[in-house]
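Spelled out from the first residue to the last, the chains are:
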Amino acid sequence: MAAAKEEIELQGVRLTSPDKVLYPEQGVTKRELAEYYLAVAGVMLPHVARRPITLVRCPTGRARKCFYQRHAGSGMPAELKQIPIEGFEEPYLYLEDVRGLVALVQMGVLEIHPWNSHVDQPHKPDQVIFDLDPGEGLAFPDVVAAAHELRARLAGLGLRSVPKTTGGKGLHLVVPIERRYEWRDVKSFAKAVGDLMAKDAPDRFLTKQSIAERRGRIYIDYLRNDPTSTAVAPYSTRSREGAPVSVPLTWDEVVPDLDPRAFTVRTVPARVAGLTADPWADIAGLKQRLPKLT
DNA sequence: GCTAGAC
DNA sequence: GTCTAGCAACGCTTC
DNA sequence: GAAGCG
Ligand SMILES: [Mn+2]
Ligand SMILES: [Mn+2]
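The structure presented is a predicted model; accordingly, all values stated were derived computationally and were not measured. (Residues numbered from 1 in each chain as written. Chains lettered and ligands numbered in written order. Predicted model: local features only at pLDDT ≥ 70, side-chain atom pairs only at ≥ 80, totals over all residues. Heavy atoms only, no water.)

Student: I would appreciate a short explanation of the protein's contact with DNA strand D in the present structure.
Tutor: Taken together, the neighbourhood of DNA strand D is formed by Q209, I211, R214, D221 and R224. Across the atoms of DNA strand D situated within 4 Å of the protein, the share located in sugar and phosphate is 75%. Contacts to DNA strand D include Q209, whose side-chain N or O atom sits 2.7 Å from a base oxygen. One of the side-chain nitrogen or oxygen atoms of R214 is found 3.1 Å away from a phosphate oxygen of DNA strand D. Classifying every residue of the surface near DNA strand D gives one nonpolar, one polar and three charged. (Near = heavy atom within 4 Å. Polar contact = N/O pair within 3.5 Å; in protein donor to acceptor, adjacent residues only side chain to side chain. Nonpolar A, V, L, I, M, F, W, Y, C, P; charged D, E, K, R; others polar.)

Student: How should the pairing of strand β12 (residues 171-176) be read in this particular structure?
Tutor: The side chains of a regular strand alternate, first on one face of the sheet and then on the other. For β12, the buried fraction is high: six of the six residues fall into the buried class. Both faces of β12 are covered, namely the face carrying L171, L173 and V175 and the face carrying H172, V174 and P176. Where strand β10 (residues 127-134) meets β12, six bridges bridge the pair, whose relative direction is antiparallel. Residue Q127 lies in a different strand from β12, and its bridge partner there is P176. Relative to β12, strand β11 (residues 162-165) is paired through four bridges, and the arrangement is antiparallel. Bridge pairing in β12 places T165 opposite L171. Counting the residues that bridge the hairpin from β11 to β12 gives five residues, and of these G167 lies at a positive phi of roughly 85°. (Buried < 20%, exposed > 50% of the residue type's maximum accessible area, 1.4 Å probe, protein only. Helix = DSSP H or I, 4+ residues; strand = E, 2+ residues; numbered from the N terminus. Pairing = 2+ DSSP bridges.)

Next comes the structure, spelled out in C-alpha cells:
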C-alpha cells in the first residue's frame, strides 16, 4: 500500500493532504471538494468573483472546530487577494478566478459568503436578498409557497427575482438591482417588503428574529442585506452533514416536492453539466430600480 | 492551515 | 523544537 | 445595559 500523496497541484494551485476527509459522514476529501469547485466554477464565478467574502473554515473537517474569517491575517495563498474598504480597518479577502476557489479549499473553507457588492464599488449593492427561514412546525412545501408569494409581491412592484436553495431548510430570493443605492436603503426596502407580507398574512410571515414567535410561520430575514451580515453564495457548500450546496433554480423547479438536500457536492456537478442554460440567465445583470415604499 | 508567541 | 491560541462582529430584537 | 439571533 503506497502512502497517500501528500501534495498535488490543481490549476497551478497547491493542494496539501488531498486525501484529508472534510465531510466524515460522506468521506468527502479536499481533492473531491476542489474537483467540485472546478466543475461548477463556470456558473459560480459570476456570483463570487471580485466580491469581498467572509469564510467558514473547517481545516480539520466539519466535525471539528470551525471558525469564521473575514480578514486575511497571515498565511493566505496568493490566489486570495485583499482589498481595503472604506469604513473598515482591515482589508477584505476576494478571489478572481477558479484558482481562488482551489485556494479556498486548501484553506479548509466549507462556506463562502460574498457581499452583495463588488470590490470596485463595495458600498453599492447589486442585489437584494430575501432569506426565508421556516419556523418549527413548517415543512419545505411551506417555504416553497412562501417563495412564490414573495415572487408575486415583488413582481407587483415591478421587480424580477430568482430563487436558490440555501443548503439548509429555507430558500433565498435574489433581486438584481442597479448599483445606485446605499446598503441602508436596500435593507430598509427589504424590510418594507417583508413587512407588507407580514401585514397581509400575520399568521404566516414575520420580520422579527424571535425564534419563539417564529413557530408555525416563516421569518423573512431581510437583515442579509448588510456588508457585515451576508448570505451563502450560489454553489457554495455548507459545513453541514451531507455536504449540501446552495443551488440556483428556475422558478418552475420550485415545487412542493423539491428536496433541497438532494443538492450536494456529489450530485450538483452532473446537474450543472446537463444544463443547457444557466437557471438565472434571463435576469443576469438586470439593472432594476427599487420603487419607493413609504 | 498557518502563524506568532510562550515555554 | 513543540505546543497552543486565534482566526467575525453588529444591527435589530426583546427582556 | 444585557442577551438572543443570524
Ligand atoms: Mn436562511
Ligand atoms: Mn436567516
